[in-house]
Amino acid sequence: QVQLVESGGGLVQAGGSLSLSCAASGRTFSKYAMGWFRQAPGKEQELVAAISKSGGTTFYTDAVKGRFTISRDNAKNTVYLQMNSLKPEDTGVYYCAATGDYRWKDDASRYIYWGQGTQVTVSS
């Protein structure tokens, strides 16, 4: 069993930055690829970024490329999402999630563990 707890959300003006963290319990964190999803009001949940078990491979949806950076520290059982140059359309609830295989990153149903989510609001 892995428990995921996100932190770092908040309210920021457009152009600002936020750093999200997702702390995992247990000793098996490095066995999972990790993803950050967001749920915007009135929109479907989408994968924002993903990172392989070792951290050597990453994925970003086109809308955040060049602005967001996903990273992980397996020694600290934590995955991060650094968000720069934020836009109002980045507003939503951000969730971290764990999947057993990085190849499944695009399939939300393949993610085994989910955090409770953290709200990010970007004002214009």
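Small disclaimer: the values here were computed from a predicted structure and weren't measured. (Residues numbered from 1 in each chain as written. Predicted model: local features only at pLDDT ≥ 70, side-chain atom pairs only at ≥ 80, totals over all residues. Heavy atoms only, no water.)

Caption draft 1: Structural detail: the overall build of the chain. For the chain, the helix and strand inventory stands at zero helices and eleven strands. Secondary structure elements of the chain occur, N-terminal to C-terminal, as β-β-β-β-β-β-β-β-β-β-β. In terms of C-alpha radius of gyration, the chain reaches 13 Å, essentially the compact-globule figure of 14 Å for 124 residues. Seen through its principal axes, the chain has C-alpha atoms that stretch 40 × 25 × 25 Å. For the chain, buried positions account for 44% of its 124 residues. For the chain, long-range pairs separated by at least 24 residues make up 58% of all intrachain contacts whose partners lie at least 6 apart in sequence. Carbon and sulfur atoms make up 47% of the accessible area of the chain, which amounts to about 6,200 Å² in all. Taken as two groups, the 13 positive and 10 negative side-chain charges of the chain have centres that lie 7 Å from each other. (Helix = DSSP H or I, 4+ residues; strand = E, 2+ residues; numbered from the N terminus. Rg over C-alpha atoms; globule rule 2.2 N^0.38 Å. Buried < 20%, exposed > 50% of the residue type's maximum accessible area, 1.4 Å probe, protein only. Contact = heavy atoms within 4.5 Å. Areas by Shrake-Rupley, 256 points an atom, 1.4 Å probe, with all protein chains shown as cover. Lys, Arg positive; Asp, Glu negative; His and termini not counted. Charge placed at Lys NZ, Arg CZ, Asp CG, Glu CD.)

Caption draft 2: Just the state of the cysteines, in detail. For the structure shown, the criterion picks out one disulfide. Across the disulfide from Cys 22 sits Cys 96; the S-S distance is 1.9 Å. One disulfide, between Cys 22 and Cys 96, carries an S-S torsion of 55° and so falls in the right-handed class. In this pair, Cys 22 is assigned in strand β3 (residues 18–24) and Cys 96 in strand β9 (residues 92–99), connecting sequence segments 74 residues apart. Of the residues examined, Cys 96 reaches a relative accessible area of 0% and is grouped as buried. (Disulfide = S-S within 2.5 Å.)

Caption draft 3: The sheet that holds β3, seen in detail. An order of β1-β3-β8-β7 is seen for the four strands of this open sheet, with the pairing classed as antiparallel. The outermost strands of the open sheet, each flanked by one partner alone, are β1 (4–7) and β7 (68–73). Adjacent strand axes in the sheet meet at a mean angle of 15° when their direction is disregarded. (Pairing = 2+ DSSP bridges. Axes fitted to C-alpha atoms, helices over the stretch in contact; angles between N-to-C directions.)

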